[in-house]
Amino acid sequence: DVKVTQSSRYLVKRTGEKVFLECVQDMDHENMFWYRQDPGLGLRLIYFSYDVKMKEKGDIPEGYSVSREKKERFSLILESASTNQTSMYLCASSLLYGRPDTQYFGPGTRLTVL
Amino acid sequence: AQKVTQAQTEISVVEKEDVTLDCVYETRDTTYYLFWYKQPPSGELVFLIRRNSFDEQNEISGRYSWNFQKSTSSFNFTITASQVVDSAVYFCALSHSGTYKYIFGTGTRLKVLA
């Protein structure tokens, strides 16, 4: 079974802080994703990575950056957290680039920015 | 335009009732993939099914069944004899050949009352 883990289930940060969200997958998947989930808006893609050090912007990349130094690990960075970044953040992975493979999700991190 | 509509925001049923969750999609592509995910209160999206556009056979898995109808661009999900453990948010998603991207619906919250 694919396992995707996220470093924290709940996180509380202050406005202006730098925030790191970590995601690890154990199935040698090429693709990794960061989404945010907000009520009534469904899931929106923030960033996507298809290989080590490779990334593409998703639909809402503003205010975020990402890092993928190892194949199994994908980090989401909020350079200066703001209250409108309070949300649920979901990481996912899928097998091969350029194919609509099944995405497998982690448990999510609920981030609150005060 | 590519779009997924889950018009039912929230549904409440009493245990043992059957319930159908609607998913209507829009796409101009002839090759596409449809997915259903379950998000229980724990937060993790759990993969339920993946269906490609060339396979219109209905699928049954235990109490779950899916009705794919290209003529009406729908991919509806039915739970037979619902149980309290079925309480969750259910997401329908669409993807296309040659891309990694999913287009998610906004989700349907199902509450099964004992």
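This is a predicted model, so every value here is computed, not measured.

1. Section: the overall build of chain A
Looking only at helices and strands, chain A features zero helices and eleven strands. When the helices and strands of chain A are placed in sequence order, the string is β-β-β-β-β-β-β-β-β-β-β. In summary, chain A has a C-alpha radius of gyration of 13 Å against a globular reference of 13 Å for 114 residues, a match within 12%. Judged by the C-alpha coordinates and their principal axes, chain A covers about 40 × 25 × 25 Å. Split into buried and exposed, the 114 residues of chain A put 50% on the buried side. Nonlocal contacts in chain A, meaning residues at least 24 apart in sequence, comprise 56% of its contacts between residues at least 6 apart.

2. Re unusual backbone geometry
The backbone of A:Lys53 sits at a positive phi, close to 65°, despite the residue not being glycine. With relative accessibility at 56%, the residue A:Lys53 sits in the exposed group. With a phi angle near 50°, B:Ala81 is a residue other than glycine that sits in the positive phi range. Examined against the element boundaries, B:Ala81 turns out to sit in the loop between β9 (74–79) and β10 (88–96).

3. A closer look at the pattern of salt bridges
In total, this model carries eleven salt bridges over all chains according to the counting rule given. Across the pair A:Arg73 and A:Glu22 runs a salt bridge, and its minimum N-O distance is 3.9 Å. Taken together, the residues A:Arg73 in strand β8 (residues 73–78) and A:Glu22 in strand β3 (residues 19–25) connect sequence positions 51 residues apart. B:Asp86 is paired through a salt bridge with B:Arg63; the nearest N and O atoms lie 2.8 Å apart.

4. Things to note about the state of the cysteines
Residues and elements named next belong to chain A. Within this structure, the stated rule accounts for two disulfides over all chains. A sulfur-sulfur distance of 1.8 Å marks the disulfide that ties Cys 23 to Cys 91. Between Cys 23 and Cys 91, the disulfide has an S-S torsion of -80° and is therefore left-handed. Of this pair, Cys 23 sits in strand β3 while Cys 91 sits in strand β9 (residues 87–94); the two residues are 68 residues apart in sequence, bridging distant segments of the chain. Judged by relative accessible area, Cys 23 falls into the buried class, the value being 0%. In this structure Cys 91 comes out as buried when scored by relative accessible area, which is 0%.

About the thresholds
Here the residue numbers are simple positions, counted from 1 along each chain's written sequence. Key to labels: chains lettered from A, ligands numbered from 1, both in the order written. Only residues with pLDDT of at least 70 get local features here, since the model is predicted, and only at 80 or more are side-chain atom pairs given and counted; chain-wide, interface and lining totals rely on the full set of residues. Side-chain numbers here rest on the full set of heavy atoms in the structure, without hydrogens or water. Comment: elements are numbered from the N terminus, with helices defined as DSSP H or I runs of at least four residues and strands as E runs of at least two. Throughout, the radius of gyration refers to the C-alpha atoms, and the reference size of a globule is 2.2 Å times the residue count to the power 0.38. Relative accessible area decides the class of each residue, using a 1.4 Å probe on protein chains only: under 20% of the type maximum gives buried, over 50% gives exposed, and in between gives partly exposed. The contact criterion used throughout is that any non-hydrogen atoms of two residues lie within 4.5 Å. Within this document, salt bridges are pairs made up of a side-chain nitrogen of Lys or Arg and a carboxyl oxygen of Asp or Glu, the two lying within 4 Å of each other. By convention in this document, the label disulfide applies to cysteine sulfur atom pairs within 2.5 Å.

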